[in-house]
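Structural characterization, general
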Amino acid sequence: MVTLAQIMPEYLVLGGIRITLKVSRHHNARRMTLRYDAQRHLIRLTMPPRAPAKLGLKFIDEKREWLTHQMEKAPQPTPFEDGMELPILGKTCTLRHVDVPRGRVELKGGVLYVPCLPEHFSRRTTEWLKHHVRDALVAEVSEMAPKLGVKFKQVRVRDTSSRWGSCSASGNLSFSWRLVFAPRHVLHYLAAHEVAHLKEMNHSQAFWDAVAKIDPQHEKARAWLSHYGSELHRYGAER
Ligand SMILES: [Zn+2]
């Protein structure tokens, strides 16, 4: 038997750029889907369990132009650099590298000062941003939970690419640290979303009623996320 990996190419060339192709079968897939993953710079093709490989190849060929367009319009990865502008919880700040071996990271007058050796700049900046957004989320969640009469355990921040937040059955809440680049109302909504899950572990009407109780403006935030969510992934990307 010939496997998918033997038939499918390992990479595609789109708009003159070589890009890795990842092909997988999914037991739930009813049709083929193609997706450009900007963060990892690869194309994912998902196929139904028994679809022939040659149909996959044909599908890619038909979508060539569309894929090239997806790649072109995706946000370009921007590594942390001295002097760059960063939106931090809705305020545009300037990132400054202070070239000394050690010191405290400080946000003062719209400038984020990061004292460290050049080789640690990206990591120190990321660490500070993770702490900063976690503090903001803890404050939000602590204020919201009593309003719904629920309790949470821990608030964690992670580097998740596919979801902004999650809630475990044991009451731990996790969020993507990249929300530090989102406006306050978006952070507020995502905190409300996960807190509401402590009451309703589903997306039923009762769940959305709970969200609305603590965040009446949630639809605005959801619209923002669907338009600009992918932008949050561009900062601090490794080149
Ligand atoms: Zn949810």
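Above this text is the structure in question.
Attention in this report is confined to the structure presented alongside it. Numbering of residues starts from 1 in each chain and follows the order in which that chain's sequence is written. Under the rules for a predicted model, residues below a pLDDT of 70 receive no local features and side-chain atom pairs below 80 are neither given nor counted, while totals for whole chains, interfaces and linings still include all residues. Think of the side-chain values as coming from all heavy atoms in the structure, minus any hydrogens and water.

1. Description of the coordination of the zinc ion
- Note that water is not among the atoms used; donors are N, O and S atoms within 2.8 Å of the metal (3.2 Å for Na, K and Ca), so sites may look incomplete. Looking at the zinc ion, one finds its protein donor set to be His193 (NE2), His197 (NE2) and His203 (NE2), positioned 2.0 to 2.1 Å from the metal centre.
- The sequence pattern formed by the donor residues of the zinc ion is H-x3-H-x5-H. Here His193 is found in helix α5 (residues 184-197), whereas its partner His203 is found in the loop between α5 and α6 (205-214), with ten residues between them in sequence.
- Judged by relative accessible area, His203 falls into the exposed class, the value being 54%. In this description a helix means any DSSP run of H or I spanning at least four residues, a strand means any run of E spanning at least two, and both kinds are numbered starting from the N terminus. Relative accessibility under 20% of the residue-type maximum defines a buried residue, over 50% an exposed one, and the middle range a partly exposed one, all with a 1.4 Å probe and only protein chains included.

2. Concerning α6
- Regarding α6, the residues found buried are Phe207, Trp208, Ala210, Val211 and Ile214. Viewed end-on, α6 has its buried residues packed into an arc of 155°, placing them on one side of the element. Exposed residues lying more than 90 degrees from the buried face of α6 are Gln205 and Lys213.
- What makes two residues a contact is simply this: any of their non-hydrogen atoms within 4.5 Å. As for α6, its buried residues are in contact with α4 (121-148), α5 and α7 (218-228). Note: the arc covers the axis-to-C-beta directions of the helix.

3. Notes on the pairing of strand β1 (residues 11-14)
- Burial along β1 is one-sided: the face carrying Leu12 and Leu14 is buried and the face carrying Tyr11 and Val13 is not.
- Two strands form a pair only when DSSP identifies at least two bridges running between them. As defined by bridge partners, β1 adjoins strand β2 (residues 17-25) across four bridges and the pair is classed as antiparallel. Residue Val13 lies in a different strand from β2, and its bridge partner there is Arg18.

4. Details of the packing of α5 against α6
- Where α5 contacts α6, the axes come no closer than 9 Å and their chain directions differ by 135°. Accordingly, the angle class assigned to the pair α5 and α6 is oblique. Both α5 and α6 take part in a crossing whose hand is right-handed. Across the interface between the two elements, His188, Tyr189, Ala192, His193, Val195, Ala196 and His197 of α5 pack against Phe207, Trp208, Ala210, Val211 and Ile214 of α6.
- Only Asp, Glu, Lys and Arg are considered charged, only Ala, Val, Leu, Ile, Met, Phe, Trp, Tyr, Cys and Pro nonpolar, and every remaining residue, Gly among them, polar. A per-class count over the contact of α5 with α6 returns nine nonpolar, three polar and no charged. Helix axes are fitted to C-alpha atoms over the stretch in contact, other axes to C-alpha atoms as well, and angles between N-to-C directions run from 0 to 180 degrees. Orientation is classified from the angle alone, with under 35 degrees giving roughly parallel, over 145 giving roughly antiparallel, 65 to 115 giving roughly perpendicular, and any other angle giving oblique. By definition, any crossing whose near helix is turned counterclockwise from its far helix by less than a right angle is left-handed, and any crossing with a clockwise turn is right-handed.

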